[in-house]
Amino acid sequence: AEMIEAERLRQTSQNGQQQQQQQKQQQQQQQREAWDDSRGKKRKAADAISVSFTSKDAALKAFNKLMCGREVSPLQKWMEVVKLFTGKECSKDAKTVAIWEACESALTTGERKQALAEYQTKLAKDLRNKERQGRQRTKEAFLKLLTDVVNAEMVSRGSENRGVGSLRYQDVERLLQKDERYHAVESDEMRELLFAEFAEEYRKREERRKQNEFRDAQDSFVAFLKELAEKTILNCTVPDSWNAFVASLRSSSGGGDNDRSLVSNDSRFTTLSSSVLKTEEKDFLFKNFVDGLIRSEEEDRRRSQEERREAAMAQRDFFRETLVQAALNGKIFPSSSYSSAVDSVLSQDASFLKLQQHNRDRPKELFEEFVNDWNELYRRDRLFLSDIVRKRVENSNAQTFKDETKTFDDFCKVLLDEAANQTASDRVQRIIDDESNPVSSALLYFNELKLSSSSRRRNSQLTQHHDSSSEDEGEIAEDEGDV
């Protein structure tokens, strides 16, 4: 009986399990039928909405729009995205399903995955930018709050001249908490960091302000010194310090009533005395300015001297050109005297008159220097040429020499023919072509021989101090007289 009862209980249990399994299968079947029915309806709705793309670019744009509409995050996987458009949550949106299926038809799986990756990369970048901009706006708002609160607190404490360094974050935190910009910052650590950054920037700004004030004070001081220098109140003979200079203007021996009146009436004397510049700084600028005046005066003096020297050199060159032109015209010779040249040539010449206005003796000095240099060169060349002429006369006769040297070109040819060697011939050619003399020594000597042949008793107009000549020169002159 126990066995029969146990068998009956086992069979009853099996029957119950079978019934439960059948019920579960029926429920699943009903769910599948409901799902198929919904999918069928969705399919019908999607089929009712016709979506197609003319190009891949249009399909990609629609795909990106789908990602944006479903708010796909940068961290979602591909299968998670696929479920968004194929799962139950998308069954009610037939248009979205139609666009998704159209994208599946127009794009490959790889293209859609690539489009998703590009969309998520751009979305992540945009989110980071927005987050950074939000933090920047929060930071700027908090720094503005710090500026307002700190300035008010410093004024209330009377410590505006000591800067933000005299305040701590704990001193102003209670005041900051009353403003919503305080609570916009995410943590106390960040607020303290922002306060430290604010304090450092405030310190740098104050340093720049003081530097600008100091620079402006220097510029104003130097500009005032320039104005005093333009009015000739400040010159190179003033004292070495600013206070001593002002005291000299105030004193009875400082330049008279006008200077004392200037000190009393010009407020800048008082303003500069109480400016941000210290006494030693003003003295340094004052001394540098005075030193600059001294250097400027010395430079003006040197430039003036240089200009006068250049003008004198120009007048000297102009006068020398006049002498050279007179020599070329046969009005001045190596033996000419200054007095004869003035009477015959220079008395009405502009260069002579202008040079004489600056220095009465300068024309004579330049003339004698010009004639002496010319005469020295000519005497040296004449001694060499006369030796060649003497040998030519000895080898032929005086009449033959006279006949063969009727022109200067013939005279030069005879000199070159008679030269003893190549060295002598080269020297003769240099004398003929010499441009250092106003007139060639060969031409002067040719003219001298022509003059001596027409008048033996006439001394040469072109030589000086024949009495001091050598015995050989006397013999050469005698031969030339025969010619």
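Residues numbered from 1 in each chain as written. Predicted model: local features only at pLDDT ≥ 70, side-chain atom pairs only at ≥ 80, totals over all residues. Heavy atoms only, no water.

The subject of this paragraph is the overall build of the chain. Across its full length, the chain carries 20 helices and zero strands. Within the span of the chain, comprising 483 residues, buried residues form 31% of the whole. Long-range contacts, defined here as pairs at least 24 residues apart, represent 68% of the contacts in the chain between residues at least 6 apart. As displayed, the chain has an accessible area near 31,400 Å², and 47% of this comes from carbon and sulfur atoms. (Helix = DSSP H or I, 4+ residues; strand = E, 2+ residues; numbered from the N terminus. Buried < 20%, exposed > 50% of the residue type's maximum accessible area, 1.4 Å probe, protein only. Contact = heavy atoms within 4.5 Å. Areas by Shrake-Rupley, 256 points an atom, 1.4 Å probe, with all protein chains shown as cover.)

What follows deals with unusual backbone geometry. Residues other than glycine seldom take positive phi values, yet Glu 71 does so here, at roughly 55 degrees. In this fold, Glu 71 is placed in the loop between helix H2 (56-69) and helix H3 (78-86).

The next thing to look at is the nonpolar core. Counting 38 residues, the largest nonpolar core has Leu 346, Phe 367, Val 389 and Phe 411 as its most contacted members. When residues of this core are traced back to their parent elements, those giving at least two are helix H12 (279-328), helix H13 (338-346), helix H14 (350-358), helix H15 (362-395), helix H17 (408-418), helix H18 (422-433) and helix H19 (441-454). When residues in this core are grouped by element, the largest group, 11 residues, is from H15. Setting aside residues no more than four positions away along its own chain, Val 389 makes contact with Phe 401, Phe 411, Leu 415, Tyr 445 and Leu 449. Grouped together as the second largest cluster of nonpolar side chains are 18 residues, Leu 234, Phe 269, Phe 286 and Phe 289 included. (Core = buried A, V, L, I, M, F, W, Y, C linked by side-chain atoms within 4.5 Å.)

Counted by the stated rule, this structure contains 27 salt bridges. Note that Arg 10 is salt-bridged to Glu 7, the shortest N-O span being 2.2 Å. Of this pair, Arg 10 and Glu 7 both sit in helix H1 (residues 2-48), separated by three residues, roughly a single helical turn. Judged by relative accessible area, which is 40%, Arg 10 ranks as partly exposed. (Salt bridge = Lys/Arg side-chain N within 4 Å of Asp/Glu carboxyl O.)

Let us now look at the packing of H15 against H17. It is at 10 Å that the axes of H15 and H17 come closest, and there the two elements cross at 85 degrees. Regarding the angle of H15 to H17, the classification is roughly perpendicular. The segment H15 lies against H17, with Leu 385, Ile 388, Val 389, Lys 391, Arg 392 and Asn 395 engaging Phe 411, Val 414, Leu 415 and Glu 418. Here the contact of H15 with H17 is built from residues that sort into six nonpolar, one polar and three charged. (Axes fitted to C-alpha atoms, helices over the stretch in contact; angles between N-to-C directions. Parallel < 35°, antiparallel > 145°, perpendicular 65-115°, else oblique. Nonpolar A, V, L, I, M, F, W, Y, C, P; charged D, E, K, R; others polar.)

Across all of its chains, the model carries 14 aromatic pairs by this definition. Counting every residue linked through ring pairs, the aromatic cluster contains Phe 221, Phe 224, Trp 242, Phe 245 and Phe 286. Sitting over the ring of Phe 384, Arg 427 keeps its end group 4.1 Å from the ring centre. (Phe/Tyr/Trp six-rings, centres within 6.5 Å; stacked < 30°, edge-to-face > 60°. Lys NZ or Arg CZ within 6 Å of the ring centre and 35° of its normal.)

Along the chain, the position of Glu 321 falls in helix H12. Looking at Glu 321, the relative accessible area reads 52%, which means it is exposed. Residues Glu 321 and Pro 438 lie 117 residues apart in sequence; the distance between their C-alpha atoms is 9.6 Å.

This part takes up the confidence of the model for the chain. Looking at the chain, the pLDDT average stands at 77 and 82% of residues meet or exceed 70. When mean pLDDT is compared element by element in the chain, H2 scores highest at 90, while helix H20 (residues 471-482) scores lowest at 40. With pLDDT under 50 throughout, residues 456-483 is counted as low confidence; its partners more than four residues away or in other chains account for 41 contacts. (pLDDT = per-residue confidence, 0-100.)

The topology assignment puts Phe 269 in helix H11 (residues 268-273). A sequence separation of 48 residues divides Phe 269 from Phe 221, and the C-alpha atoms of the two residues are 9.7 Å apart.

Our focus in this paragraph is H12. In this model, H12 (50 residues) spans 72 Å end to end at C-alpha, consistent with the 74 Å of a helix rising 1.5 Å per residue. Of all the positions in H12, only Lys 282, Leu 285, Phe 286, Phe 289, Val 290, Gln 315, Phe 319, Thr 322, Leu 323, Ala 326 and Ala 327 are classed as buried. Phi for Gly 330, located one or two positions after H12, is positive at around 75 degrees. (Expected span 1.5 Å × (residues − 1).)

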